[in-house]
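# Descriptive structure summary
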Amino acid sequence: MASADYSPGREPYSTLEVRSLEASAPQDLEGSNKEVVPLADSQYPQAVDPHTAWDTSKPAESPYADTEVAADQGQGNGNAKRQLCGLSPRIFYLILTGVILVILGAIAGGVAGGLASKKSESNPAADLDTPRNVNILDTSKLAASNWTDPQGVTHRSVFFQDPYNAIIARQWDSQNKTWTTRNVSQFMQSSTSGPINPIPGTSLASASADSQAGSMYQVRLWFSELTGSNHTISWVNSNNPIGNPDFWVYNASGLPTWNDTQLAVAWQRCPKDNCPGFWTLAYQGREGYIRVANSSNWSNNTQPVVRTNAVSAGASLALVPTLNGAYVDGMMLATQRRPGSIGRSTFLGDWNWKEDDGTILDNVDPTLTRQFAAAAMNNWNEALFIALSTDGSVRGARWDGKAYDTIPKISFAQGQSTNFSAIAMTTDAMFYGISDDQIWEYSVDTSDPSTFTLAGKVYP
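Bear in mind the structure is a predicted one, so any value in this text is a computation, not a measurement. Each chain has its residues counted from 1, following the order in which its sequence is written. In view of the model being predicted, local features appear only for residues whose pLDDT reaches at least 70, and side-chain atom pairs are presented and counted only at 80 or more, with totals across whole chains, interfaces and linings using the full set of residues. Only hydrogens and water are set aside when side-chain values are computed; all heavy atoms of the structure are taken into account.

Glancing now at the overall build of the protein chain. The secondary structure listing takes helices from DSSP runs of H or I that are at least 4 residues long and strands from runs of E that are at least 2 residues long, numbered from the N terminus. Secondary structure summary: the protein chain contains three helices and 25 strands in total. Classification of residues uses two cut-offs on accessible area relative to the type maximum, computed with a 1.4 Å probe and protein chains only: under 20% is buried, over 50% is exposed, and between them is partly exposed. In the protein chain, buried positions account for 42% of the 460 residues. The long-range fraction of contacts in the protein chain, counting pairs at least 24 apart against all pairs at least 6 apart in sequence, stands at 46%. A total accessible area of about 25,300 Å² is found for the protein chain, and carbon and sulfur atoms account for 50% of it. Only heavy atoms enter the contact rule, under which two residues are in contact if any of them lie within 4.5 Å. Each accessible area is a Shrake-Rupley result for a 1.4 Å probe, and residues are judged covered by the shown protein chains and nothing else.

So this is what it looks like as structure tokens:
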């Protein structure tokens, strides 16, 4: 047996053999003749029998300790099982898949319900299974105007919104007798004033000017946009409709309106034709009053033309120029009155109007009426006012210069589809209507305005 002597001043010495031990596994030392003798009182670490060193028991721990460590290291010991949130992976992923499917189903249902609700609100009688339009926005309104160029050629413009909410113009002239399509929204994409953003289904109102005195030939269209949380009125104009028909200019009036206000506009001629004239716009203000603004000063809108308690919310409007003595500088405004009629207001001059100037047509229920339209007839001496009902039918009244003659039903000779969702008229007595995703044109028999004769299809 080996021994070790120690005395002060000498380094400790051991006769033990040192043999390399791989850390990865215990080594068998049976071939050695050395004996391991522990010294209980020694100040140095004691040797451990290599045959038993690897069998030293672990201190008592949580029965889950090995499992937790194995899970952390990505390996198990045969009994340890991988868990996610306290659940086996299979159960965890089954539950996760179910939750994802429920969320996706809720989102899809919400989107579908929102679209159906919007469509139902715009047309309560619409069948949810009815296919969406492919040519015209299903809530699109319609606007139309006409003018005559210096060579005597008649020009007409019809405006609507396509399914992508773009404003489209269809334009025709009596020389070529063909309709040309112009995407006004697309033209405005490159404008320095930025793209236009009309509210889907906004009211549309158009007027054209052909002032020889002022050499002004223009086509304009008014619509509503969303400015912050308010609806405001904007317009686009074509200042050279013959020489550069694809060039349009955008303007914002900043006039706040009643949400979903209807619009009506007219080009007001000057007395004696000694000036270019003015653009006159009728709309429903935020307080519910019917107001009129003029291009001579858009911010100087008049005192309310029609009181708020006299008109319905979202009141239908129509504005038509009339003779005022010997000149066409007069105007008549038709508004939806409560409880159920079309009332007339008359322009007196210098921003003044006569609010209540008689009833144009009785028994016009605001809840069953979509919109009005109007046209001048017989050299501005007469006027035709029509009302579109929610069932697509049309009726009206003729002003013969002295009184109104009711037209209980208008017949559409050679008519195709006459279940109209929107209508418009020009000052030369042409009628336009949207029906079955198409726009149709009719001419009015001014001697018998109860008959409209099909002129053709405008679009597509």
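Read on for the rest.
To continue, consider the state of the cysteines. For this text, the term disulfide refers to a pair of cysteine sulfurs within 2.5 Å. Scanning all chains against the criterion turns up one disulfide. Residue cysteine 270 pairs covalently with cysteine 275 via a disulfide, S to S 1.3 Å. A relative accessible area of 22% places cysteine 275 in the partly exposed class.

Bringing the pairing of strand 5 (residues 205-211) into the picture now. Of all seven residues in strand 5, six are buried; the element is thus mostly enclosed. With seven bridges joining them, strand 5 and strand 6 (residues 216-227) adopt antiparallel strand pairing. Its bridge partner lying in strand 6, alanine 207 is registered against arginine 220. One bridge is not enough; two strands pair if DSSP finds at least two bridges between them.

This part covers the pattern of salt bridges. Here, a salt bridge means any Lys or Arg side-chain nitrogen found within 4 Å of an Asp or Glu carboxyl oxygen. In the structure shown here, the tally under the stated rule is seven salt bridges. The shortest N-O distance in the salt bridge between aspartate 246 and arginine 182 comes to 2.7 Å. You can see aspartate 246 sitting in the loop between strand 7 (230-238) and strand 8 (249-256) and its partner arginine 182 sitting in strand 4 (residues 179-183), a full 64 residues away along the chain. The class for aspartate 246 is partly exposed, based on a relative accessible area of 39%.

With that settled, the discussion passes to the confidence of the model for the protein chain. The predictor attaches a confidence to each residue, and that confidence, scored 0 to 100, is pLDDT. Confidence in the prediction of the protein chain, expressed as mean pLDDT, is 81, and 75% of residues score 70 or more. Per-residue pLDDT stays below 50 along residues 1-34; that stretch engages in 23 contacts with residues further than four places along the chain or on separate chains. Every residue in residues 50-80 scores below 50 in pLDDT, and together they form 16 contacts with partners more than four places removed in sequence or on other chains.

This brings us to the sheet that holds strand 3 (residues 167-173). Strand order across the open sheet formed by four strands is 1-2-3-4, with antiparallel pairing between neighbours. A strand with exactly one partner marks an edge of an open sheet, and here the two such strands are strand 1 (143-148) and strand 4. Ignoring which end each strand starts from, the neighbouring axes of this sheet average 20° apart. Bridge analysis of strand 3 against strand 4 gives five bridges, and the strand direction is antiparallel. Bridge pairing in strand 4 places alanine 169 opposite arginine 182. Every axis corresponds to a line fitted to the C-alpha atoms, with the helix fit spanning only the stretch in contact, and the corresponding angles, defined between N-to-C directions, vary from 0 to 180 degrees.

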